[in-house]
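This is what each chain is made of:
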Amino acid sequence: MEGPESGSGAASSAVADWSLVFWTLCSVTLPVLITLWCSFQRSRRQVLIRDIFRKSKHDWHYTDLFGQPSYCCVCAQHILQGAFCNCCGLRVSEGCLKKADQLFLCKEIMMRSSSGAHSSMPHHWIRGNVPLCSCCMICKQQCGTQPKLCDYRCVWCQYTVHDECMLDHLKTEECTFGEFRDLIIPPYYLSTINQMRKDKRTDYEKVAPYCRKHWMPVIILANTRSGNNMGETLLGEFKILLNPVQVFDLSKIAPAKALQLCTLLPCNAVRVLVCGGDGTVGWVLDAIDEMKIKGQERYIPQVAILPLGTGNDLSNTLGWGAGYAGEVPVEQILRNVMEADGIKLDRWKVQVTNKGYYNLRKPKVFTMNNYFSIGPDALMALNFHAHREKTPSLFSSRIINKAVYFFYGTKDCLVQECKDLNKKVELELDGERIELPNLEGIIVLNIGYWGGGCRLWEGMGDEPYPLARHDDGLLEVVGVHGSFHCAQIQVKLANPVRLGQAHTVRLILKSSKMPMQVDGEPWAQGPCTVTITHKTRALMLYHSGEQTDDDASSTSEPDHGREQTDEDV
């Protein structure tokens, strides 16, 4: 009896073991299979979405969470995630994306109809998702208060209207382009210009609004890689308010190509808003210099700055602030551009000629807008640049960038790699040799600010000194005793060593290799001769609204903020 019973017990035990193994395998493999299936479906869905985005006339972008209560423009359902158009503001769920692409037209950069000249156009209404706190243009009551898809917004003038106030005559009413009509390039203007170019006519001044007195079209040039990476968001916000043809991403198109739009617009009336750091501004100003070489002087625009970089000293000097982090609405930025005053900015040629009888290399030539330096601040910039080249993903925040600068500045206080600079260099100002005291660095200034917001030439402001201006054809030359001295100057606990002002600066590096920089672009330089001479003047825009206490104590900006803005070749 024991034999059969023990055999059946062993068999049932084996079945139980295999059952345990089976269910264990199922519990392990099933989640893996589900995960793989979901991943496959997600990637397949993303491919389909990208395909729709690529073929669409809308500028679609996908988001996992909308920043305000949103409703699908097709099915009218409440949505948390989906796609939105950066140009017209449409918001749709993922499932309705293809249908929305067929039902709704996006902002037209040019009017489709080519029959005859146009001087006006109707409203382009989009239903639902109106801006918060917007008011109806008819009854002046708040719009978008109901928790559903309701009310209308014109994508050009930004006017909003209640559903019940949307009368038949309002649907056909002409669009005025709203508050920013003087900055917008109307689609009918571009279509007319396009037709005139086909007919080989250039009398653009007869086309409206070319002949309008206060029309000052603006061109937006945004660097999406600058500083705190806000460029992508700003591009979308500007496309909503302006004609998308006026907004350019400098990571996709060079400034020289974007600025050719100026040749289709009124002479001496175009304004350019550069969204980026001082390096981006210099890039745009170089492109404007190329326009002068091409004989396009009368189309030269005036340049305003929205500071997105790390230092932003040029922006600070011109009253646009030390940095932008989204605290000011885009609408206010455009108002500031309209109200800004024209001024001039000196630009300088920096020529670096290497020493040596058998040196056949051409001299290195730079264009300087802000400052040139040799010594500890150039060393900090060089170390920062080398670190950023190795790990660019770590440098996406202005705060992190400044923290890295602080680290290298503290390190130099201990190491003092640039000591005894006065024994290694000779300095000439307007041909006169200057006897140098014991220094670690020399800085040649064109603008008022340096080092991310410090007024270096003024120092503590307790000593008499000639005023510094950025349009007088003079450079200010100062010396510093080291990184710790630079830090003291920045918090107004010390004065720089003022070496003088000059129209031409010549610096001779006699021996060893030293760090140098021009407008934040550093390099290590061996024995050489550096010559700085005046190159040209740029037409800039000065915003008086950002004036600080330091600015008020200096008369350099207010006096020349009203100067003529004629092109200076």
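Note that this is a predicted model, so its numbers are computed, not measured.

*Asks:* Got a sec to walk through helix 12 (residues 483-490)? Specific residues and values, please.
*Replies:* Listed in full, the buried residues belonging to helix 12 are Ser483, His485, Cys486 and Ile489. The buried residues of helix 12 occupy one face: seen down the axis, they fall within an arc of 160°. One or two residues past the end of helix 12 sits lysine 492, with phi positive at roughly 60°.

*Asks:* How would you explain the UniProt feature "transmembrane region" (unreviewed entry) in the chain if you had to name every residue and give the values?
*Replies:* According to UniProt, the positions carrying the feature "transmembrane region" (unreviewed entry) are residues 20-40. Structurally, residues 20-40 is divided into 100% helix and 0% strand, and its ends, taken at the C-alpha atoms, are 30 Å apart.

*Asks:* Please give an account of the nonpolar core that cites residues and values.
*Replies:* Among the nonpolar cores identified, the biggest contains 101 residues, and Tyr189, Phe238, Leu273 and Met540 are the most heavily contacted of them. For this core, the element with the highest residue contribution is helix 7 (residues 278-293), accounting for 6 residues. Excluding residues that lie within four positions of it along the chain, methionine 540 makes contacts with Val281, Leu285, Gln302, Val303, Ile305, Leu318, Asp341, Gly342, Ile343 and Leu345. Among the nonpolar cores identified, the runner-up in size contains 32 residues, and Met368, Leu379, Leu436 and Val477 belong to it.

*Asks:* Let's hear about the side chain of aspartate 346: which residues, and what values?
*Replies:* In this structure, aspartate 346 sits in strand 13 (residues 341-354). Overall, the relative accessible area of 0% leaves aspartate 346 in the buried class. Among the polar contacts made by the side chain of aspartate 346, one reaches the main-chain amide nitrogen of aspartate 472 at a distance of 3.2 Å. At a separation of 3.0 Å, a polar atom in the side chain of aspartate 346 contacts the side chain of arginine 537. Apart from the residues lying within four places of it in its own chain, the contact partners of aspartate 346 are Met368, Asn369, Asn446, His470, Asp471, Asp472, Gly473, Leu474, His534, Thr536 and Arg537.

*Asks:* Can you explain the packing of aromatic side chains? Please cite residues and give values.
*Replies:* One pass over the full model with this rule turns up 5 aromatic pairs. Of the aromatic side chains, those joined through ring pairs into one cluster are Trp156, Phe177 and Tyr188. A cation over a ring is seen here: lysine 107 above tryptophan 156, with NZ or CZ 4.7 Å from the ring centre. Cation over ring: arginine 498 sits above tryptophan 457, and NZ or CZ is 5.9 Å from the ring centre.

*Asks:* How would you explain unusual backbone geometry if you had to name every residue and give the values?
*Replies:* Here the phi dihedral of alanine 76 falls at roughly 65°; this positive angle occurs in a residue that is not glycine. Its location among the elements puts alanine 76 in the loop between strand 2 (70-71) and strand 3 (78-79). A positive phi angle is found at aspartate 430, which is not glycine, with a value near 55°. Inspection of the secondary structure assignment puts aspartate 430 in the loop between strand 16 (425-429) and strand 17 (432-434). Judged by its relative accessible area of 43%, aspartate 430 falls in the partly exposed class.

About the cut-offs
- Residues numbered from 1 in each chain as written.
- Predicted model: local features only at pLDDT ≥ 70, side-chain atom pairs only at ≥ 80, totals over all residues.
- Heavy atoms only, no water.
- Buried < 20%, exposed > 50% of the residue type's maximum accessible area, 1.4 Å probe, protein only.
- Helix = DSSP H or I, 4+ residues; strand = E, 2+ residues; numbered from the N terminus.
- Arc of directions from axis to C-beta.
- UniProt positions renumbered as here; feature names shortened; annotations may be inferred.
- Core = buried A, V, L, I, M, F, W, Y, C linked by side-chain atoms within 4.5 Å.
- Contact = heavy atoms within 4.5 Å.
- Polar contact = N/O pair within 3.5 Å; in protein donor to acceptor, adjacent residues only side chain to side chain.
- Phe/Tyr/Trp six-rings, centres within 6.5 Å; stacked < 30°, edge-to-face > 60°.
- Lys NZ or Arg CZ within 6 Å of the ring centre and 35° of its normal.

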